[in-house]
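Reading the structure
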Amino acid sequence: GESVGLHLPTLSVQEGDNSIINCAYSNSASDYFIWYKQESGKGPQFIIDIRSNMDKRQGQRVTVLLNKTVKHLSLQIAATQPGDSAVYFCAETVTGGGNKLTFGTGTQLKVEL
Amino acid sequence: GAVVSQHPSWVICKSGTSVKIECRSLDFQATTMFWYRQFPKQSLMLMATSNEGSKATYEQGVEKDKFLINHASLTLSTLTVTSAHPEDSSFYICSASGGVGYTFGSGTRLTVV
């Protein structure tokens, strides 16, 4: 659905801790999900994706979990580093539905030393 | 990997003038291009979708006569903001898809004075 809001939720973590960023998506027909990282003044950078036939996918230091029952997506970052500080967005799409990506609200991750 | 080049990275223009933003896929053919607008501390909002050689499809509430999109080739799409006003000041981001995945440009910061 549409993403509205005047501010981004913020998650503050200590360096070395694990981070969990959550996202609620709106369209039950969505079958492909992507997590993006966006640094200030830059375009979104792909982190990891998952299709609806899976409930978990792991990458390097990142894991995405998908719960279709409650339309919830999460991104776990292990051993968070200062370079992980950015805004994180989840995005959803329906394959074959014009392939338009709909972005979530976003979460500002701040890594404290 | 897939690379999308977006220019200019920033532009300042006077109210009433037009500004053109270019988005090029450098190493793949982009059958579909997406244009987004992002206001500070907010998410990416899809403005329009364009397929090579076809007219762009605009999202509800986006003025097609104000935001002209051209996708004349498989590697180039342009967004022209016509008769720009201060409320058009925003961060504009393109995304290209060659059928698998999405690659984002680095964004253009438009300031209308």
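Residues numbered from 1 in each chain as written. Chains lettered and ligands numbered in written order. Predicted model: local features only at pLDDT ≥ 70, side-chain atom pairs only at ≥ 80, totals over all residues. Heavy atoms only, no water.

This part covers the state of the cysteines. Residue and element names in this part refer to chain B. For the structure shown, the criterion picks out two disulfides over all chains. Paired through a disulfide, Cys23 and Cys94 show a sulfur-sulfur distance of 2.0 Å. Torsion about the S-S bond of the Cys23 and Cys94 cystine: about 75 degrees, corresponding to right-handed handedness. Remark: Cys94 occurs in strand β9 (residues 90-97) and Cys23 occurs in strand β3 (residues 19-25); sequence separation between them is 71 residues. Judged by relative accessible area, Cys23 falls into the buried class, the value being 0%. The closest cysteine sulfur to the non-disulfide-bonded Cys13 is located on Cys94, 18 Å from its own sulfur. When its relative accessible area of 8% is taken as the criterion, Cys13 is described as buried. (Disulfide = S-S within 2.5 Å. Helix = DSSP H or I, 4+ residues; strand = E, 2+ residues; numbered from the N terminus. Buried < 20%, exposed > 50% of the residue type's maximum accessible area, 1.4 Å probe, protein only.)

The subject of this paragraph is the environment of B:Gln38. Relative to the helices and strands, B:Gln38 resides in strand β4 (residues 32-38). C-alpha of B:Gln38 to C-alpha of B:Val4: the two residues are 34 residues apart in sequence and 18 Å apart in space. Contact partners of B:Gln38, with chain neighbours within four places excluded, come to A:Gln38, A:Phe89, B:Ser43, B:Leu44, B:Ser90, B:Phe91 and B:Ile93. (Contact = heavy atoms within 4.5 Å.)

This next bit is on the interface of chain B and chain A. Counting from both sides, the interface comprises 17 residues of chain B and, opposite them, 23 residues of chain A. Between chain B and chain A, a total of about 1,600 Å² is buried, with carbon and sulfur atoms accounting for 56% of that surface. Summed over the shared surface of chain B and chain A, the result is one salt bridge. The tally of links from chain B across to chain A stands at five residue pairs in polar contact (both at pLDDT 80 or more). Secondary-structure elements contributing two or more residues to the side of chain B that touches chain A are β4, β5 (44-51) and β9 of chain B. The greatest single-element share of the side of chain B that touches chain A, amounting to four residues, is contributed by β5(B). Residues of the side of chain B that touches chain A, tallied by class, amount to nine nonpolar, six polar and two charged. (Buried area = accessible area lost by both parts, 1.4 Å probe. Salt bridge = Lys/Arg side-chain N within 4 Å of Asp/Glu carboxyl O. Polar contact = N/O pair within 3.5 Å; in protein donor to acceptor, adjacent residues only side chain to side chain. Nonpolar A, V, L, I, M, F, W, Y, C, P; charged D, E, K, R; others polar.)

Everything listed here is a matter of geometry and, on its own, says nothing about what the molecule does.
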